[in-house]
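Breakdown of the fold
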Amino acid sequence: MQRLLILAAGLLGAAGVALLAAASHAGGDNLRTAASFMLAHAPALLALGLAGGGRGARLGGLLILAGVALFSGDLALRDFAGTRLFPMAAPTGGTLTILGWLTVAASALTRPKG
């Protein structure tokens, strides 16, 4: 799980930079928003992956990853293809991201096993 979060952090960081470059050349507020969202959450996923943490923190990381993928993917698709992933994809992604952060926060209140 740690490797997955670290891998996802690197991919989100790279994709965020690429989307910012595309936005600066082709325009598109959705691309800028998607890139900012990716770049804001990539360091958090890296930290969660490196820290290891308990099951709650890992679950939170996965929820954040899924949320960022849906939110940013939907916004980028709107600019690149003029369509959406599916109805309510961006709000669903945003909600998953919020739930992920709340799960990470709640993981601080649980006792580690051992």
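Everything here concerns the structure above.
Scope of this entry: the structure provided in the associated data block. Since we're looking at a predicted model, the values are computed, not measured.

Right, let's talk about the overall build of the protein chain for a bit. When its secondary structure is counted, the protein chain shows four helices and zero strands. Along the chain direction, N to C, the helices and strands of the protein chain fall in the order α-α-α-α. Taking 114 residues into account, the globule formula puts the C-alpha radius of gyration at 13 Å, and the protein chain, at 15 Å, falls close to it. If one aligns the C-alpha atoms of the protein chain with their principal axes, the spans along those axes are about 55 × 25 × 15 Å. Considering the protein chain as a whole, with its 114 residues, one finds that 36% of them fall into the buried category. Within the protein chain, residue pairs in contact and separated by at least 24 positions form 65% of the contacts whose partners lie at least 6 positions apart. Carbon and sulfur atoms form 69% of the exposed surface of the protein chain, whose accessible area is close to 6,400 Å².

The next subject is helix α2 (residues 29–51). Between the first and last C-alpha of α2 there are 34 Å, a value that for 23 residues agrees with the 33 Å anticipated at 1.5 Å per step. Of the surrounding elements, those touching the buried residues of α2 are α1 (2–26), α3 (55–81) and α4 (89–107). Backbone geometry just downstream of α2 places G52 in the positive-phi region, at approximately 85°.

In this model, α4 (19 residues) spans 27 Å end to end at C-alpha, consistent with the 27 Å of a helix rising 1.5 Å per residue. Along α4, the residues classified as buried are A89, A90, G93, G94, T97, G100, T103 and V104.

So, on to the nonpolar core. L12, L19, L45, L48 and V68 are the most contacted members of the largest nonpolar core, which has 23 residues in total. At the level of elements, α1, α2, α3 and α4 are the ones that each hand at least two residues to this core. Per-element accounting of this core gives the leading share, eight residues, to α2. When sequence neighbours within four positions are dropped, the list of residues in contact with L12 reads M38, A42, L45, L65 and V68.

Turning to unusual backbone geometry, a few remarks are in order. Although it is not a glycine, M88 sits at a positive phi angle of roughly 70°. As for its placement among the helices and strands, M88 is situated in the loop between α3 and α4. Residue class for M88 comes out exposed when judged on its relative accessible area of 52%.

What counts and what doesn't
- Each residue is numbered by its place in its chain's sequence as written, counting from 1.
- At least 70 in pLDDT is required for a residue's local features to be given in this predicted model, at least 80 for side-chain atom pairs to be given and counted, and no such filter applies to totals for whole chains, interfaces and linings, which use all residues.
- For the side-chain quantities, the full set of heavy atoms in the structure was used; hydrogens and water were omitted.
- Going along the chain from the N terminus, every DSSP run of H or I of four or more residues is numbered as a helix, and every run of E of two or more is numbered as a strand.
- For the radius of gyration, the atom set is restricted to C-alpha positions; the globular benchmark scales as 2.2 Å times the number of residues to the power 0.38.
- Burial classes: relative accessible area under 20% of the type maximum marks a residue as buried, over 50% as exposed, and values in between as partly exposed (1.4 Å probe, protein chains only).
- The contact criterion used throughout is that any non-hydrogen atoms of two residues lie within 4.5 Å.
- Using a 1.4 Å probe, the Shrake-Rupley method yields the accessible areas, and only the shown protein chains count as cover for residues.
- Take the number of residues in a helix, subtract one, and multiply by 1.5 Å to get its expected span.
- Buried Ala, Val, Leu, Ile, Met, Phe, Trp, Tyr and Cys residues that are joined via side-chain atoms within 4.5 Å together make up what is termed a nonpolar core.

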